[in-house]
Amino acid sequence: MKRLLALLLTVFLLTGCANTAVNGIIQWGEGGGTDTLMRPLCSYTEAYLDGSISLRNMPGGTGTVATQYVFDRPSDGSTLLLGAENPAMYDALGLSELTYADFDCVLLIGSETVGVTVAAESPYADFASLIDAAKANPGKIRLATTAKGGLPWTVARFIESVTGATFNEIPYDSDATARNAVLNGECEVTVMKLQAGLDAARDGKLRYLCVLSDAPVDALPDAMPITAYDPAFAAFLPWGPFYGVFVKKGTDPNVREALSEAFLKGFSEPAYQQLLSDLHVDPLGLSGEEANAWIEAWRLSSLSGLHAE
């Protein structure tokens, strides 16, 4: 992938910069779902860049800190936003004027299923009992979230829309810390991706009360689809977090395409595909207009069920 380095070097020489290293800014904290997918992807991709990708976690503001940072950098392809789904809804939530419309998608990696989880010893035997308790005690049951616009926050809005149940939402900086808050008793419930909670569920530490799906999930046969509780949830499905690699809009198309080519090769490595399978992430491997169309469809699905505060 020396063509990419040559393209980058040309841009950097024109802007007076001699450093051709690519910087990857991870939108969420270490150990979370985004971090877990991005680090190995960048490692595999480096071989096709014939260079290095310097990674930095920059959590905060539901990913707005990292998003703004990348947007403020030159549109030369040297700074990548390694993000999740959150920017697609920033404008609707009043979090930022930026959205993924201000970036070009280098690679849309995949999407995944999520579920409502509690600790193994939780008194809530099923999703219905949790909802009954939340409605009887509005705003009291502690839900570990990742701030406004994050995965648990968004699903809590769907639940509120259908059931009227509300929670005491306590923010954490990543999937991992939200999961740990439930495991150590700081919170009673959270919404978790399969990749973040499946091992703990198999070890008997967590229970998935339901999955955001209209059909059972093979990896969690005992977790009922949320539509089995109330078919009204079907209006918001399919829905789940997604992950992608982005550059600021205005990046030279040749640089963007060369980055897409390199990342697609890293994505296609058998070891990375196995990782996606192990983490129950449905691979996409899209870029350009295909990726944009997929993200826009996801956004419209989210807007159909989201009631921003």
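Everything here concerns the structure above.
Residues numbered from 1 in each chain as written. Predicted model: local features only at pLDDT ≥ 70, side-chain atom pairs only at ≥ 80, totals over all residues. Heavy atoms only, no water.

With that settled, the discussion passes to the sheet that holds strand β3 (residues 79-84). On the basis of which strands lie adjacent, the open sheet formed by six strands has the order β2-β1-β3-β11-β4-β12 and mixed pairing. Looking at the sheet topology across the chains shown, the edges are occupied by β2 (53-57) and β12 (281-286). Averaged over all pairs of adjacent strands, the angle between strand axes in this sheet comes to 20°, irrespective of strand direction. Taken together, the seven bridges between strand β4 (residues 103-112) and strand β11 (residues 242-248) define a ladder with antiparallel strand orientation. The residue of β11 that forms the bridge with Gly 110 is Tyr 243. The sheet contacts of helix α2 (residues 33-49) involve β1 (22-26), β2, β3, β4, β11 and β12, and relative to β2 the element is tilted by about 170°. Taken strand by strand, helix α10 (residues 253-268) contacts β2, β3, β4, β11 and β12, and its axis lies near 20° from that of β4. (Pairing = 2+ DSSP bridges. Helix = DSSP H or I, 4+ residues; strand = E, 2+ residues; numbered from the N terminus. Axes fitted to C-alpha atoms, helices over the stretch in contact; angles between N-to-C directions. Contact = heavy atoms within 4.5 Å.)

Here we come to the pattern of salt bridges. Under the definition given, this model contains eight salt bridges. The closest approach of N and O atoms between Arg 39 and Asp 35, which form a salt bridge, is 2.8 Å. Of this pair, Arg 39 and Asp 35 both sit in helix α2, four residues apart, roughly one helical turn. Under the relative-accessibility criterion, Arg 39 is labelled partly exposed at 33%. In this structure, Lys 249 and Asp 104 form a salt bridge, with 3.0 Å as the shortest nitrogen-oxygen distance. (Salt bridge = Lys/Arg side-chain N within 4 Å of Asp/Glu carboxyl O. Buried < 20%, exposed > 50% of the residue type's maximum accessible area, 1.4 Å probe, protein only.)

As a further point, take the sheet that holds strand β6 (residues 142-145). The mixed open sheet is built from six strands, whose spatial order is β7-β6-β8-β5-β9-β10. In this open sheet, the two strands that pair with only one neighbour each are β7 (168-171) and β10 (224-225). Pairing of strand β5 (residues 114-119) with strand β8 (residues 189-193) involves five bridges; the strand directions are antiparallel. Residue pairing in the sheet places Thr 117 in a bridge with Thr 190 of β8. Here helix α5 (residues 127-136) sits on the sheet and contacts β5, β8, β9 (206-211) and β10; the angle it forms with β9, its principal contact strand, is near 90°. Where helix α7 (residues 175-183) meets the sheet, its contacts fall on β5, β6, β8 and β9, and the angle it forms with β8 comes to roughly 140°.

Between α2 and α10, the least distance of the axes is 8 Å, while the angle of their chain directions is 125°. In terms of orientation, α2 and α10 fall into the oblique class. In this structure, α2 meets α10 at a crossing whose hand is right-handed. Touching Leu 41, Cys 42, Tyr 44, Thr 45, Tyr 48 and Leu 49 of α2 are Leu 259, Ala 262, Phe 263, Lys 265, Gly 266 and Phe 267, all from α10. Considered class by class, the residues forming the contact of α2 with α10 number nine nonpolar, two polar and one charged. (Parallel < 35°, antiparallel > 145°, perpendicular 65-115°, else oblique. Left-handed = near helix turned anticlockwise from the far one by under 90°. Nonpolar A, V, L, I, M, F, W, Y, C, P; charged D, E, K, R; others polar.)

The next subject is the packing of α10 against helix α11 (residues 270-278). It is the contact of α10 with α11, at a shortest axis distance of 5 Å, that shows an interaxial angle of 65°. Relative to α11, the element α10 is oriented roughly perpendicular. Across from Gly 266, Phe 267 and Ser 268 in α10, the residues of α11 making contact are Pro 270, Tyr 272, Gln 273 and Leu 276.

Everything listed here is a matter of geometry and, on its own, says nothing about what the molecule does.
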